[in-house]
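A structural walkthrough
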Amino acid sequence: VYVRSYHSPTGRLAWERQFDLSGLDDQATDVVVAQGMVYFSSVGAFLSEEGGEWHLHGLDAATGVTQWENTGGMVELPMDMTLHQNQIIVPGRAVDPVTRNWDIVVRVYDARPGR
């Protein structure tokens, strides 16, 4: 997964980060830029029911430096992330370990520390 920031008046690359979340196929699913931060959700190794992991990242918007990262459970897919006041709300879906069916999951994080 690559995250890039560009200087808007010139189009010049300001910073770039590469995330190798699991060593296999990784996918960024959403991004929100607010409060001097870049928040993005991603899935690592979303190849099968046995691989995939929910990640949420908080980067400093000016430098791209990771401020925090939070990892969810296996085979989860975050989507349609939004920022409300100081909370990041991340709905998604996850495989129920008992029934093996997809269930809805919603996680809410404090936007600054990522808890």
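Here's a quick rundown of the structure.

Rules used in this analysis
- Residues numbered from 1 in each chain as written.
- Predicted model: local features only at pLDDT ≥ 70, side-chain atom pairs only at ≥ 80, totals over all residues.
- Heavy atoms only, no water.
- Helix = DSSP H or I, 4+ residues; strand = E, 2+ residues; numbered from the N terminus.
- Buried < 20%, exposed > 50% of the residue type's maximum accessible area, 1.4 Å probe, protein only.
- Phe/Tyr/Trp six-rings, centres within 6.5 Å; stacked < 30°, edge-to-face > 60°.
- Lys NZ or Arg CZ within 6 Å of the ring centre and 35° of its normal.
- Core = buried A, V, L, I, M, F, W, Y, C linked by side-chain atoms within 4.5 Å.
- Contact = heavy atoms within 4.5 Å.

Glancing now at the environment of Val108. If you trace the backbone, Val108 turns up in strand β10 (residues 102–110). Residue Val108 is classed as partly exposed on the basis of its relative accessible area of 44%.

What follows is about the packing of aromatic side chains. Enumeration over the complete set of coordinates arrives at 3 aromatic pairs. Seen in terms of ring centroids, Tyr39 and Trp68 are 6.2 Å apart; in terms of plane orientation they differ by 40°. Their pairing is tilted. With Tyr39 in strand β4 (residues 37–48) and Trp68 in strand β6 (residues 66–74), this pair connects stretches of sequence that are 29 residues apart. Lying across the ring of Tyr2, Arg4 places its NZ or CZ 4.7 Å from the centre. Lying over the aromatic face of Trp102, Arg93 brings its terminal NZ or CZ to 4.0 Å of the ring centre.

Before going further, it helps to spend a moment on the nonpolar core. Taken as a class, soluble globular proteins show a tendency for nonpolar side chains to be buried jointly. Ranked by internal contacts, the top residues of the largest apolar core, which has 13 residues, are Tyr39, Leu56, Trp68, Met81, Ile88, Val90 and Tyr109. Those elements that place two or more of their residues in this core are β4, β5 (51–60), β9 (87–95) and β10. Sorting elements by how many residues they give to this core places β9 first, with 3 residues. Dropping the residues within four chain positions of it, Tyr39 is found in contact with Asp30, Val31, Val32, Ala34, His57, Gly58, Trp68, Met81, Leu83, Ile88, Ala111 and Arg112. Counting residues in hydrophobic clusters, the runner-up holds 8 residues, among them Val1, Val3, Leu21 and Leu59.

Honestly, it's all geometry; don't read function into it.
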